[in-house]
Amino acid sequence: MLKKKILFLLHLPPPVHGSSMVGKWIKESAVINATFDCRYINLLASKTVEESGRLSIGKVLGFVDTWCRLLKALLFSRPDICYFALTTTGAAFYKDVALVVVLKLFGVKTVYHLHNKGVQKASGNWLNRALYQYAFKNGLVVLLSEHLYGDVAAYVPQKSVRICANGVPGVKILPGLEREHNEPVQILFLSNLIESKGVFVLLEAMALLKKRGLVFKGVFAGGEADIDATRFKKEAIRQGLYDRVVYLGRKYGTEKEELFQQADIFVFPTYYENECFPLVLLEAMQHALPVVSTFEGGIPDIVEDGTTGYLVAQKNVSALACRIQELIETPRLCRQMGMAGRKKYETHFTLNLFEKRIVDILTETGLS
């Protein structure tokens, strides 16, 4: 039996972010590549987080190359299905629509896997409304969470939606990193330093905790973005946290795993408007850390409030500080929530489960 031909238009690192990591795992998946006859085209033109959203000659030339590669694939190795990690807003959306036009001209069935949101907000523009109607017509849309359906409900009927939660690879526990009971509680934030990810909100909450006499160490790691190391240091000093927090820069591989293993609590107070399904929360749960985050995107599908951690209102410094304080002062609860998170990761968010969900969706597509 011939394998179904699938052309994957996806994001591959660099830069490293949720969509590019998912794209990397799909491309490297033994299960997906064994099930289908796969071809891959990288959609990313940016090489760093800082370049994202900025127009350049290199990006224009990169798009022309992508467009030509797509046309060649359709002419000489026509796929049965195109998997498309569509960007739904900004200049990248208009670029992607140009690729959608080619796919529609060739009549290729398309599965849109959305790793971002903002359709509802961008629909105030008549041109965007027309393009969304055109792009999503007759396509299957894969969402990371049911909480994200409202963003595309005006253009995509419920019957054309599939839910596919992300998953992350398993990791080996590194020996020799067991935490000592007499160490200060370690609070970890790991993400690109984007202000709307809640960096300064967390610093404010930590300042409150310090005033209340709580002992802790705040560890921040991730690439510099609209907050750089200098700005972070100035804010930490302003909040009186020069002796309590440290910024370690980008961390990958073993160094990143060490941070997770040495941490006690993971905090991610995001209010980033395009936040959908942060992989870093899955990684924290994988390491049996209780998570304190916010009601944004698909996060309520990840963090069970009161069970695997806590969810607080965005930018609510007082509520954030209170939940962190509760975990610091109640080590048993901290460990209990961390283990509950680990169990949820194992039953819902492993990479193997994600690969199976992708295979099932692509196998189903085109059968009717």
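For the structure itself, consult the block above.
Residues numbered from 1 in each chain as written. Predicted model: local features only at pLDDT ≥ 70, side-chain atom pairs only at ≥ 80, totals over all residues. Heavy atoms only, no water.

Draft legend 1. Region of the structure containing the packing of helix α4 (residues 90–105) against helix α6 (residues 126–136). The contact between α4 and α6 brings their axes to 10 Å, and the two run at 35°. The crossing of α4 and α6 is left-handed. Taken together, the residues of α6 that come into contact with α4 (itself represented by Phe93, Tyr94, Val97, Val100, Val101 and Lys104) are Asn128, Leu131, Tyr132, Tyr134 and Ala135. For the contact of α4 with α6, the residue count by class is nine nonpolar, one polar and one charged. (Axes fitted to C-alpha atoms, helices over the stretch in contact; angles between N-to-C directions. Helix = DSSP H or I, 4+ residues; strand = E, 2+ residues; numbered from the N terminus. Left-handed = near helix turned anticlockwise from the far one by under 90°. Contact = heavy atoms within 4.5 Å. Nonpolar A, V, L, I, M, F, W, Y, C, P; charged D, E, K, R; others polar.)

Draft legend 2. Expanded view of empty space enclosed by the protein. Enumeration over the complete set of coordinates arrives at two cavities of 30 Å³ or more. Within this model, the largest cavity holds a volume of roughly 40 Å³. Along its surface, the largest cavity is lined by Lys5, Ile6, Leu7, Asp37, Arg39, Ala73, Ser77 and Pro79. Sort the elements by how many residues they give to the lining of the largest cavity and strand β1 (residues 5–10) lands first, with three residues. (1 Å grid on protein atoms, 1.4 Å probe; cavity = no way out; pocket = protein on both sides within 12 Å on 5 of 7 lines; lining within 4 Å. Points joined across faces, edges and corners; volume = space filled by probe spheres on them.)

Draft legend 3. Structural view of helix α14 (residues 351–364). A rise of 1.5 Å per residue sets the reference length of α14, with its 14 residues, at 20 Å; its end C-alpha atoms lie 20 Å apart and thus fit the reference within 8%. Every buried residue of α14 is accounted for by Leu351, Phe354, Glu355, Ile358, Val359, Ile361 and Leu362. End-on, the buried residues of α14 take up no more than an arc of 165°, which puts them together on one face. Those residues of α14 that are exposed and aimed more than 90 degrees away from the buried face are Asn352 and Lys356. (Expected span 1.5 Å × (residues − 1). Buried < 20%, exposed > 50% of the residue type's maximum accessible area, 1.4 Å probe, protein only. Arc of directions from axis to C-beta.)

Draft legend 4. Representation of the packing of aromatic side chains within the structure. Applying the stated criterion across every chain, the model contains 14 aromatic pairs. A connected cluster of aromatic rings, assembled from ring pairs, spans Phe84, Phe93, Tyr94, Tyr112, Tyr132, Phe136 and Tyr155. Across from the ring centre of Tyr271, 4.6 Å away, lies the NZ or CZ of Lys315, which sits over that ring. Directly above the ring of Tyr310 sits Arg323, whose terminal nitrogen or CZ lies 4.0 Å from the centroid. (Phe/Tyr/Trp six-rings, centres within 6.5 Å; stacked < 30°, edge-to-face > 60°. Lys NZ or Arg CZ within 6 Å of the ring centre and 35° of its normal.)

Draft legend 5. Up close: the sheet that holds strand β3 (residues 81–84). Read from one edge of the open sheet, six strands run β2-β1-β3-β4-β5-β6, paired in parallel fashion. Looking at the sheet topology across the chains shown, the edges are occupied by β2 (37–42) and β6 (161–163). Ignoring strand direction, the axes of neighbouring strands in this sheet form an average angle of 20°. For strand β5 (residues 140–143) and β6, the ladder comprises three bridges, and the chain directions are parallel. Across the sheet, residue Val142 finds its bridge partner in β6, namely Arg162. Packing against the sheet, helix α1 (residues 18–27) makes contact with β1, β2 and β3, and its axis sits at approximately 155° to β1. Lying on the sheet, α14 is in contact with β1, β3, β4 (109–113), β5 and β6; it crosses β4 at an angle near 155°. (Pairing = 2+ DSSP bridges.)

Draft legend 6. Focus on the packing of helix α3 (residues 57–76) against α4. Taken N-terminus to C-terminus, the directions of α3 and α4 make an angle of 15°; their axes are 10 Å apart at the nearest point. In terms of axis orientation, α3 runs roughly parallel to α4. Considering how the two elements wind past one another, α3 and α4 form a crossing that is right-handed. In this structure, α3 contributes Phe63, Thr66, Trp67, Leu70, Leu71 and Leu74 to the contact, and α4 contributes Lys95, Ala98, Leu99, Val102 and Leu103. Looking at side-chain class alone, the contact of α3 with α4 contains nine nonpolar, one polar and one charged residues. (Parallel < 35°, antiparallel > 145°, perpendicular 65-115°, else oblique.)

Draft legend 7. Molecular detail of the environment of Val201. Of note, Val201 is situated in helix α7 (residues 199–211). Among the residues examined, Val201 registers a relative accessible area of 9% and is labelled buried. Along the chain, Val201 and Arg162 lie 39 residues apart, while their C-alpha atoms are 34 Å from each other. The residues contacting Val201, other than those within four sequence positions of it, are Pro269, Tyr271, Lys315, Val317 and Leu320.

It is worth stressing that arrangement in space is one thing and function is another; only the former is reported here.
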